[in-house]
Amino acid sequence: MAATGATEPREPRQEKKTVMNAARSSRPGRRSNSAPAPEAISAERLNHPRSLAAFRGAKALVGVYLGISVLTLAAIALLRDDSAEVNSAVWTRGTIVVVSALVTFLCAVRTARGSRSAYRRLRIISAVMVVAIAAIIALPGTFPAWMKAEQAVCGLLLLAVVALVNGRHVRSIFASR
């Protein structure tokens with residue numbers, strides 16, 4: 001630069017082509033040319049009576065799970081002054097369960113509309129929550145008996161969801177062809 005205050009024109013800055021920049025530059029929702037888009041799920045397969053029954057059952061089970069979870073959080077709030085019944089672990093677990101139940105419910109709704117990604121998430125979340133609930137029930141002393149009983153009911157509901165969404169018919173709907 002000269003002392004007169006004039007600036008020299010600069011060339012535009014070039015970004016290095018990296019995987020991250022390439023991913024950022026592509027439009028949202030578009031796949032790269034290297035991987036073909038999965039085949040869309042036909043309305044015929046989604047509206048098959050067995051499909052509708054499975055989706056309706058999964059949404060109902062997850063809806064009951066969400067309802068029980070919200071009621072449990074309300075009970076935690078009502079019992080907050082009883083330190084024998086409500087401790088920080090109960091608050092944490094109750095909040096996490098409500099959030100996961102809401103996400104699971106949204107996944108069940110989107111699965112019924114034919115979303116492969118929601119179906120995958122529903123399968124994973126429901127199975128992981130069953131394992132987490134089994135651990136909660138097995139842990140001695142951390143949670144009160146009433147919460148372990150509530151978690152057992154939620155675990156049974158989610159076990160039924162796991163069985164429904166991993167059944168042969170539902171898996172065949174979302175299988176890549």
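What comes next is a walk through the structure. These numbers come from a predicted model, not from an experiment. Along each chain, numbering runs from 1 in the same order as the chain's sequence is written. Whole-chain, interface and lining totals are the exception, using all residues; otherwise, since this is a predicted model, local features are given only for residues with pLDDT of at least 70 and side-chain atom pairs are given and counted only at 80 or more. Working from all heavy atoms in the structure, the side-chain values ignore hydrogens and water.

Examining a positive patch on the surface
Next, step 1: A surface patch of like charges, here positive, comprises Arg56, Lys59, Arg110, Arg113, Arg120 and Arg121.
Next, step 2: For the positive patch, the secondary structure elements donating two or more residues are helix H3 (49–78) and helix H5 (116–138).
Next, step 3: Secondary structure elements are defined from DSSP: runs of H or I of at least 4 residues count as helices, runs of E of at least 2 residues count as strands, and each element is numbered from the N terminus. Turning to its location among the elements, Arg121 is positioned in helix H5.
Next, step 4: Taking the relative accessible area as the measure of exposure, Arg121 reaches 42% and is therefore partly exposed. Excluding any residue in a salt bridge, patches collect residues exceeding 30% relative accessible area, merging like charges within 9 Å and nonpolar Val, Leu, Ile, Met, Phe, Trp and Tyr side chains within 5 Å. All accessibility values rest on the Shrake-Rupley procedure with a 1.4 Å probe; residue burial counts only the protein chains present in the view. Think of a salt bridge as a Lys or Arg side-chain nitrogen and an Asp or Glu carboxyl oxygen that are within 4 Å of each other. His is not counted, nor are the chain ends, whereas Lys and Arg count as positive and Asp and Glu as negative. Charged side chains are reduced to one point each, which is NZ for Lys, CZ for Arg, CG for Asp and CD for Glu. Relative accessible area decides the class of each residue, using a 1.4 Å probe on protein chains only: under 20% of the type maximum gives buried, over 50% gives exposed, and in between gives partly exposed.

Observations concerning the environment of Gly94
Next, step 1: Considering the arrangement of structural elements, one finds Gly94 in helix H4 (residues 88–112).
Next, step 2: Overall, the relative accessible area of 4% leaves Gly94 in the buried class.
Next, step 3: Considered as a pair, Gly94 and Ile76 are 18 residues apart in the sequence and their alpha carbons are 7.7 Å apart.
Next, step 4: The criterion used for residue contact is that any of the two residues' heavy atoms lie within 4.5 Å. In contact with Gly94, not counting residues within four places along its chain, are Leu73, Ile76 and Met147.

Observations regarding the nonpolar core
In summary, soluble globular proteins display a tendency toward joint burial of nonpolar side chains.
Next, step 1: Definition of nonpolar core: a set of buried residues of the types Ala, Val, Leu, Ile, Met, Phe, Trp, Tyr and Cys, connected through side-chain atoms within 4.5 Å. Among the nonpolar cores identified, the biggest contains 16 residues, and Phe55, Leu122, Val165, Val170, Ile173 and Phe174 are the most heavily contacted of them.
Next, step 2: Looking at this core, the elements with two or more residues in it are H3, H4, H5, helix H6 (145–165) and helix H7 (168–174).
Next, step 3: Broken down by element, this core gets its largest block of residues, four residues, from H3.
Next, step 4: When residues no more than four places from it in sequence are discounted, the contact partners of Val170 are Ala54, Phe55, Tyr119, Leu164 and Val165.
Next, step 5: Counting eleven residues, the second-largest nonpolar core is a separate cluster that includes Leu66, Ala101, Val130 and Leu158.

Some remarks on the packing of aromatic side chains
Note on aromatic pairs: each is described by the distance of the centres and the angle between the planes.
Next, step 1: By convention, a stacked pair of Phe, Tyr or Trp rings (six-membered ring in the case of Trp) has centres within 6.5 Å and planes under 30 degrees apart, an edge-to-face pair has planes over 60 apart, and any other such pair is tilted. In total, this model carries two aromatic pairs according to the counting rule given.
Next, step 2: Pairing Phe55 with Phe174 gives two aromatic rings, centres 6.3 Å apart and planes at 65°, and the pair type is edge-to-face. A residue pair is termed long-range when its members are at least 10 positions apart, and Phe55 in helix H3 and Phe174 in helix H7 qualify at 119 residues. Considered together, Phe55 and Phe174 belong to a single accessibility category, that of buried residues.
Next, step 3: Grouping aromatic residues by their ring pairs yields a cluster made of Phe55, Tyr119 and Phe174.

With respect to H3
Next, step 1: By this rule, a helix spans an expected 1.5 Å times one less than how many residues it contains. Helix length check: H3, at 30 residues, gives a terminal C-alpha distance of 43 Å against a target of 44 Å (1.5 Å per residue), a fit within 8%.
Next, step 2: Here H3 has its buried residues at Ser51, Ala54, Phe55, Ala58, Val62, Tyr65, Leu66, Ser69, Thr72 and Ile76.
Next, step 3: Structurally, H3 contributes buried residues whose contacts are with helix H2 (43–46), H4, H5, H6 and H7.

Focus: the side chain of Ser100
Next, step 1: Turning to its location among the elements, Ser100 is positioned in helix H4.
Next, step 2: Setting aside residues no more than four positions away along its own chain, Ser100 makes contact with Tyr65 and Met129.

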